[in-house]
Amino acid sequence: MRIFDPHIHMTSRTTDDYEAMYASGVRALVEPAFWLGQPRTTVGSFTDYFDALVGWERFRASQFGIAHHCTIALNPKEANDPRCAEVLDVLPRYLAKDGVVAVGEVGFDSMTVEEEKAFVRQLELAVEFELPAMVHTPHRDKEQGTRRTLELVTESGLAPGMVVVDHLNEVTVDQVDEAGCWMGFSIYPDTKMDEHRMVAILQRRGLDRVLVNSAADWGRSDPLKTSKTGAAMLEAGFSADDVDRVLWRNPIEFFGQSGRLLVDPDLADDGSAGADASATFEGNSILRGSRD
Amino acid sequence: MTEIRPLAADDTIRQALDDSAQAQLDALTAEVAEDPSRLGRTFPAAARRTGRGPLAGADDVLLEDAVRVSLVQTAARSLDPEALLAELREVYRYGDNDEKRAVLHALSGAPDDVDGTDLLLDALRTNDTRLVAAAMGPHSDRLDDDSWRQGVLKCLFTGVPVASVTGLARRADRELAEMVQRYRREREAAGRDVPLDVQVVLDACAASPEHHPEQDQHQQEDS
């Protein structure tokens, strides 16, 4: 099973996770820029974080044979802090980079005027940089947030096929489906979506435009939920090719629209080609436990 | 106005590119030739518009590095050393690690009046082995002795081959030998393998003109 996790916050994860993910079949991932749990108070805090996403974290992932990509944006939660809003001015520098495969996570948290302003501006940036957009949907009042999200996407002129609306559930999936956007599902131990409910949604509406992610971060979450969803699909009678489509070919198709992927899309099913683990496993500081 | 030595000959780079990638390289080069301040705009897209991976016909050179250094070379022709350095600092500051590495390679081919020591020190503070290796290239001649010795030790520590360290035979000295011996003792005490490069550095220290015989004697008494 080859896996592309289209949404996981590796900055918050350990090297044990990288090893377990590789063993489960993960060969590529996307790390969306988001909130770190502790609110940021300056633009510099963002730029250091973005630098890590295109620098250290990409290198760290490569040590474990995993191609690391990221999305860059001012997230909805911090869009409400005027001290952070100026980060919008530095985004273009990062949106031009290799491996930056979307603008994101953008969208709503509390549905404020400030959030909408940042969201609209960043949809414009996606159009300007010819990048897909990754849209976070709110944890509270998800249905209304999703509805307003789709209105803004339509107004932006960004093609629906260039947009993934994430963290969907049974209540919000159909409106996103009808809009023609990609549907992201975050498989979590307690909240959001679980693998068996995911399988039911796939059985009901098919595999088109579906992205399954672990969205693992600093909270209670599981970076192996992608492979567990693959196993649940097989148990429910889906074929290995169906699993490959959802867990590998779909994310390649969606993020491939950026022209910025750093992974071989035709990587063999067993992950034997394309990963540069053998070239970089030796002599790196992480695997030897050396830290300065 | 400033001459930068390329990482690979222009012909070698072009042979690695198909017609469309060559046209892209021409366009990027023309953009930078017309306005050297466009260097930072051309750098991020340079690899995806031309190519990446090992460059045939050049030892241990990546195509994307060679293309980016060639863009620096073009920009440098219309910049004095100070203006070039300002441009490189900006590109390095906002570059991803591939872009940063290319800036370090460009510095390695820079004349004496371009001093990017601050960028080397930044790279040596990271744990990205590709940056550490590039920082210890020819431009590392500008590092003071303390920083240079720490750089060599960091190479041993992170597994960067010391063959990529410029000036090892010339600059290796007694102090470096002592640092490396302490490192070796630490490895041995922990029951860990000692990297083969440890002996390479110690041999270089012993053979170096910086290594005085009377200090040798003293060192043996110490250990």
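Structure report, in brief. (Residues numbered from 1 in each chain as written. Chains lettered and ligands numbered in written order. Predicted model: local features only at pLDDT ≥ 70, side-chain atom pairs only at ≥ 80, totals over all residues. Heavy atoms only, no water.)

Comments concerning the side chain of threonine 226 of chain A
(1) Moving on: With respect to the element layout, threonine 226 of chain A can be found in helix α10 (residues 225-235).
(2) Moving on: Other than its neighbours up to four places away in sequence, threonine 226 of chain A contacts Ile3, Asp5, Val26, Val212, Asn213, Ser214 and Leu247 of chain A. (Helix = DSSP H or I, 4+ residues; strand = E, 2+ residues; numbered from the N terminus. Contact = heavy atoms within 4.5 Å.)

Considering empty space enclosed by the protein
All names here are of chain A.
(1) Moving on: Applying the stated criterion across every chain, the model contains one cavity of 30 Å³ or more.
(2) Moving on: Along the walls of the largest cavity sit His9, Thr11, Ser12, Glu31, Phe34, Trp35, Leu36, Tyr49, Asp217 and Trp218, which together make up its complete lining.
(3) Moving on: For the lining of the largest cavity, a count of residues per class yields five nonpolar, three polar and two charged. (1 Å grid on protein atoms, 1.4 Å probe; cavity = no way out; pocket = protein on both sides within 12 Å on 5 of 7 lines; lining within 4 Å. Points joined across faces, edges and corners; volume = space filled by probe spheres on them. Nonpolar A, V, L, I, M, F, W, Y, C, P; charged D, E, K, R; others polar.)

A few points about the interface of chain B and chain A
(1) Moving on: Chain B puts 24 residues into the contact, and the matching count from chain A is 23 residues.
(2) Moving on: Connecting chain B to chain A are seven salt bridges.
(3) Moving on: Between arginine 48 of chain B and aspartate 98 of chain A there is a salt bridge whose closest N-O contact spans 2.7 Å.
(4) Moving on: Counting across the chain B and chain A interface gives eight residue pairs in polar contact (both at pLDDT 80 or more).
(5) Moving on: Looking at the side of chain B that touches chain A, the elements with two or more residues in it are α4 (46-49), α6 (81-94), α7 (97-108), α9 (129-135), α10 (145-158) and α12 (174-189) of chain B.
(6) Moving on: Residues that form the side of chain B that touches chain A fall into these classes: seven nonpolar, six polar and eleven charged. (Salt bridge = Lys/Arg side-chain N within 4 Å of Asp/Glu carboxyl O. Polar contact = N/O pair within 3.5 Å; in protein donor to acceptor, adjacent residues only side chain to side chain.)

Details of the pattern of salt bridges
(1) Moving on: In this structure the tally under the stated criterion is 44 salt bridges over all chains.
(2) Moving on: For arginine 245 of chain A, the salt bridge identified is with aspartate 208 of chain A, shortest N-O distance 2.4 Å. Linking arginine 245 of chain A in helix α11 (residues 240-256) with aspartate 208 of chain A in the loop between α9 (195-205) and β8 (210-213), this pair joins segments that are 37 residues apart in sequence.
(3) Moving on: Residue arginine 245 of chain A is classed as partly exposed on the basis of its relative accessible area of 26%.
(4) Moving on: Each member of the salt-bridge network shares a partner with another, and the members are Asp65, Asp98, Arg101, Asp128 and Arg130 of chain B. (Buried < 20%, exposed > 50% of the residue type's maximum accessible area, 1.4 Å probe, protein only.)

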